[in-house]
Amino acid sequence: MLRSTVVSALASLLLVAPLAPARAEPAAPPREPEAVGWGGAVASIDPDASRIGVDVLRRGGNAVDAAVAVAAALGVTDPFSAGIGGGGFFVHYDARTRRVSTLDGRETAPAAVGPDLFVEDGRALPFAEAVTSGLSVGVPGTPRTWQRALQRWGTLSLDRALAPAEELARRGFTVDATFHRQVSENADRFADFTSTKALYLPVPAVGSRFRNPDLADTYRELRREGVSALYRGRLGRDVVAAVTEPPVTPGTTRVVRPGAMTAADLAGYEVARREPTRTRYRGLDVFGMAPPSSGGTTVGEALNILEHTDLGDETPVQYLHRFLEASRLSYADRNRWVGDPAFADVPTERLLAQRFADSRACLISPTAVLTSPVAPGDPHDPRPCATAGAPAATPYEGTDTTHLTVADRWGNVVAYTLTLEQEGGSGIVVPGRGFLLNNELTDFSFTPVTPGVPDPNLPGPGKRPRSSMSPTIVLHHGQPVLALGSPGGASIITTVLQVLTQRLDRGLPLVAAIAAPRASQRNAATTQAEKAFLATGEADALHALGHRFTPTDEIGAVTAVERLPDGRWRAAAETTRRGGGAARVVSPR
Ligand code: GLU
C-alpha cells in the first residue's frame, strides 16, 4: 500500500537531529551512537571494529570488504558473540544492479544428527546441559560466508580483508566492562575446558590489554591457505577433535556430551544463496532474511498486519498495543510454519501475503488483549480471523549475537548478523586456535513444541536450525534509505520491528528510535519489557488494557545506517545497551 504522505514524511525525518550525546569510556576508544557524513558509514557494537571498517572504506574498499573486515575484528573484540566458530546471515544491496541478495551462512547439523539429538531416555535434555557440549556445535558457516561475499561482491582478497583483525588480535585491545561481564557470567563453564580457561581466566580486568596470539595465528592461516584450512585442512581437524573429544578440565563435575562432527561434514559445508524476503510497507520495500531464518517472514508479516492502521496517527499506547499484538500473531505463525526449507515445506510467500496478514489483523481489538499462546493461522487458506490447529509456544533462544551495518560511497549496503548462539557459544575454545565454537544446534526444537503438531524445526542431518536473525535493508524506489539489525535471540525480530516502526511511522530520529525502551511479545502470556519501558506511563496504560510484563535489563543491541536526502550517511548505534555502540563515517559532516 503506497502512502505518499509517509514517504515524504520519511524524507523530512531523515534530516532530524540526533538525541543522545556520546558516552565517555575511560581507557577505551570512544563509543559514539551517531555519526553523519560522506564516503560511507559503519555501525557496530565495538569501536575497534568500526574503526577498521572505516579504514577499509577510506582506502577504497567497498561495503562488503569493510563488512568482512569488521566481522573478523568482532571475532577478536566481541568473541563471545561472533567469530569463525559460528554462523550468520549476510544481506547485500548492490548499487549497480539495485538488487538485494543474501547469503545464508547458518551452521548445519552433522550428518549423524537425528531428530532425537537432545533427547535422552525419552526426555529432552535441560537447555543448560545441551548448550555446553560438543552435541550443540553446528558446522561453522562464518569463514565460508566471508569467502563467498568477497568473491561475489568484494574487491579485497580474504588475505587482505583479515589483515587488520589479525593485527588487532596480536597487538591486543582494551578490555571494557561488557567483555569483563561476559567472561564473568561464563566463568564457571569456561573453567571446565582447559583451552577456554587458559585463554579467558582469570577474568581480565576492565582497562587491561587483551591479546589473542592463537587467534592471530589462526587468521594468518586462513589468510595464507584460504578457508580450506577450516573446511579441508588442519584447522578443520582441530575443530572436529574439539567437538568429538571436548577438552574437559580434569576433575570437572560437568557432564560434557561429545558431538559427532566429522571431516566430511566440514568438507560438505556450503553457504546458500537465497532470495531475500520482500515486504511492501507504506511505499517502501523491506528486504530481509528468508528461512531458515524466521526474521524476514516474521518482521514482514507483522508489518503487513500493522499496515492496517496508520501508526503515525495512533496514540502512543495504541501504537504499542498494536505492535505487541502484531508480534504475538506473527510469532504464532513463525513457530508453526518456519524451519529449514530444505527439510520442511515452508510457505514463505504465503506468510508474506497481504491477504494472510489481513486474516490475522482482524483478530486485533483496540480494547482487549489476545490470550497467548494464540493459535497459528493457515497461510495456505487464509480466512478472516480463522486459526489453524493448536498453538505452539516460542522455545527459548540465546540472547547474544552481534550485528553490523555498512554503507559505502557508491551506495552499496551490507546488513550482517553473526552469532555463536549463546553468549560464549558452547564454551569450548578450539585448543591452540583462540576461538569459541558455537552452540547453534540448540536453536532446534528439542522435541515438538506442541505434542501432536508438526514442528518444522526438529534436528536432522545436514539441517539448519531456525533463526531469528533479521538483517534488514529498506529501499525506496530501488534506493536504500535504511538498514539495520540486532542481536537478542528470539527478541531480534521484535527489536527490528520496533525500531522500524518507531523510525518510519512514529517519526523518531534514528538514534532515538534505537534508544527507545523496548518490549518483546513472542506469543507468550507475558511480554518481556525493559525496566525503562515499565517505568513509562504507556506501560501502565498497556497494563490496564490487559498486557502483562516480565522485566528484563536489556533487549537487543541495534546498529543501523540511513541515507540522507543529500547523499550523506548516518550511522547509528546504541546509546547505552551493551555499553553503547560505535557509529562512524569516513568524512564526518
Ligand atoms: N541463535 C539465535 C538465532 O539464530 C541468535 C542468538 C542471539 O541473538 O543471541 O536466532
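All figures in this text were calculated on a predicted structure; none of them were measured in a lab. (Residues numbered from 1 in each chain as written. Predicted model: local features only at pLDDT ≥ 70, side-chain atom pairs only at ≥ 80, totals over all residues. Heavy atoms only, no water.)

### Side note on the overall build of the protein
Piece 1. Looking only at helices and strands, the protein features 20 helices and 20 strands.
Piece 2. C-alpha extents for the protein along the principal axes are approximately 60 × 60 × 45 Å.
Piece 3. Relative to its full complement of 589 residues, the protein shows a buried share of 64%.
Piece 4. Relative to all contacts within the protein whose residues are 6 or more apart in sequence, the contacts with residues 24 or more apart total 73%.
Piece 5. Taken as a whole, the protein presents about 19,800 Å² of accessible surface, with 52% of it coming from carbon and sulfur.
Piece 6. Of the side chains in the protein, 61 bear a positive and 62 a negative charge, and the two mean positions are spaced by 4 Å. (Helix = DSSP H or I, 4+ residues; strand = E, 2+ residues; numbered from the N terminus. Buried < 20%, exposed > 50% of the residue type's maximum accessible area, 1.4 Å probe, protein only. Contact = heavy atoms within 4.5 Å. Areas by Shrake-Rupley, 256 points an atom, 1.4 Å probe, with all protein chains shown as cover. Lys, Arg positive; Asp, Glu negative; His and termini not counted. Charge placed at Lys NZ, Arg CZ, Asp CG, Glu CD.)

### Remarks on the UniProt feature "active site" (unreviewed entry) in the protein
Piece 1. Per the UniProt record, "active site" (unreviewed entry) is annotated on T401.
Piece 2. In this structure, T401 sits in strand 11 (residues 401-408).
Piece 3. The class of T401 is buried, set by a relative accessible area of 5%.
Piece 4. Sequence-distant contacts of T401, defined by excluding residues within four places in its chain, comprise S81, T417, L418, T419, E421, M469, P487 and R578. (UniProt positions renumbered as here; feature names shortened; annotations may be inferred.)

### With respect to the pairing of strand 1 (residues 34-44)
A regular strand carries its side chains on alternate faces of the sheet.
Piece 1. Burial analysis of strand 1 places 9 of its 11 residues in the buried class, the great majority of the element.
Piece 2. With 4 bridges joining them, strand 1 and strand 19 (residues 569-573) adopt antiparallel strand pairing. Counterpart to V36 in the pairing with strand 19 is R570.
Piece 3. With 6 bridges joining them, strand 1 and strand 20 (residues 582-588) adopt antiparallel strand pairing. (Pairing = 2+ DSSP bridges.)

### Quick word on the packing of aromatic side chains
Piece 1. Taken as a whole and assessed by the stated rule, the structure comprises 16 aromatic pairs.
Piece 2. Three or more aromatic residues link up through ring pairs in this structure, and these residues are F80, F173, F179, F190, Y200 and F210.
Piece 3. When the ring centre of Y231 is taken as origin, the NZ or CZ atom of R144, which lies over that ring, is 4.6 Å away.
Piece 4. Of note, R336 hangs over the ring of W337, and the distance from its end group to the ring centre comes to 4.0 Å. (Phe/Tyr/Trp six-rings, centres within 6.5 Å; stacked < 30°, edge-to-face > 60°. Lys NZ or Arg CZ within 6 Å of the ring centre and 35° of its normal.)

### Points about the pairing of strand 14 (residues 479-485)
Piece 1. Of all 7 residues that make up strand 14, 6 are buried, and the element is covered over most of its length.
Piece 2. One ladder, built from 5 bridges, connects strand 13 (residues 472-476) with strand 14; its direction is antiparallel. For V474, the partnering residue across the bridge sits in strand 14 and is L482.
Piece 3. Between the end of strand 13 and the start of strand 14, which pair antiparallel, lie 2 residues, with H477 showing a positive phi angle near 50°.

### A look at helix 9 (residues 213-225)
Piece 1. Compared with the 18 Å implied by 1.5 Å per residue over 13 residues, the 18 Å span of helix 9 between its first and last C-alpha is a close match.
Piece 2. Turning to helix 9, its buried residues number three or more, namely L215, A216, T218, Y219, E221 and L222.
Piece 3. In this structure, the buried side of helix 9 is in contact with helix 3 (63-77), helix 5 (142-153), helix 6 (158-171), helix 10 (228-231) and helix 11 (234-244).
Piece 4. One or two steps after helix 9, the chain reaches G226, where phi turns positive at roughly 80°. (Expected span 1.5 Å × (residues − 1).)

### Re helix 6
Piece 1. For helix 6, with 14 residues, the first-to-last C-alpha span of 20 Å sits near the 20 Å given by 1.5 Å per residue.
Piece 2. At P164, helix 6 is bent by approximately 30°, the largest bend along its length.
Piece 3. For helix 6, the complete set of buried residues consists of L158, A161, L162, A165, E166, L168 and A169.
Piece 4. Each element contacted by the buried residues of helix 6 is listed here: helix 2 (47-58), helix 3, helix 5, strand 6 (173-174) and helix 9. (Bend = angle between axes of the 7 residues up to and from the residue.)

### What about the packing of helix 14 (residues 316-337) against helix 17 (residues 491-504)?
Piece 1. One way to put it is that helix 14 packs onto helix 17 with a least axis distance of 11 Å and a crossing angle of 145°. By crossing handedness, the relation of helix 14 to helix 17 is classed as right-handed. Together, Y319, L320, F323, S327, Y331 and R334 of helix 14 and S491, I493, T494, L497, Q498, T501 and Q502 of helix 17 make up the contact between the two elements. (Axes fitted to C-alpha atoms, helices over the stretch in contact; angles between N-to-C directions. Left-handed = near helix turned anticlockwise from the far one by under 90°.)

### Observations concerning the packing of helix 3 against helix 5
Piece 1. At a closest axis distance of 9 Å, the pairing of helix 3 and helix 5 adopts a crossing angle of 165°. When the axis of helix 3 is compared with that of helix 5, the two are roughly antiparallel. Seen from above, helix 3 lies across helix 5 with left-handed handedness. Here V64, D65, V68, A71 and A72 of helix 3 lie close against helix 5, whose contacting residues are W146, A149, L150 and W153.
Piece 2. Of the residues in the contact of helix 3 with helix 5, the class split is 8 nonpolar, no polar and 1 charged. (Parallel < 35°, antiparallel > 145°, perpendicular 65-115°, else oblique. Nonpolar A, V, L, I, M, F, W, Y, C, P; charged D, E, K, R; others polar.)

### Observations regarding the environment of R96
Piece 1. The residue R96 is located in the loop between strand 2 (87-94) and strand 3 (99-105) in this model.
Piece 2. Relative accessible area serves as the criterion here: at 72%, R96 is assigned to the exposed category.
Piece 3. Separated by 316 residues in the primary sequence, R96 and N412 have C-alpha atoms spaced 8.2 Å apart.

### What to know about the side chain of R360
Piece 1. Tracing the sequence through the fold places R360 in helix 16 (residues 354-361).
Piece 2. Not counting the four nearest positions on each side in its chain, R360 is found in contact with E301, I305, L329, A332, D333, A375, P376, G377, A386 and T387.

### A short note on the nonpolar core
Piece 1. The biggest cluster of nonpolar side chains holds 78 residues, and the ones touching the most others in it are F90, W146, Y200, Y219, L404 and L437.
Piece 2. A per-element tally of this core places helix 3 first, with 12 residues.
Piece 3. Counting residues in hydrophobic clusters, the runner-up holds 69 residues, among them A332, A407, L482 and L497. (Core = buried A, V, L, I, M, F, W, Y, C linked by side-chain atoms within 4.5 Å.)

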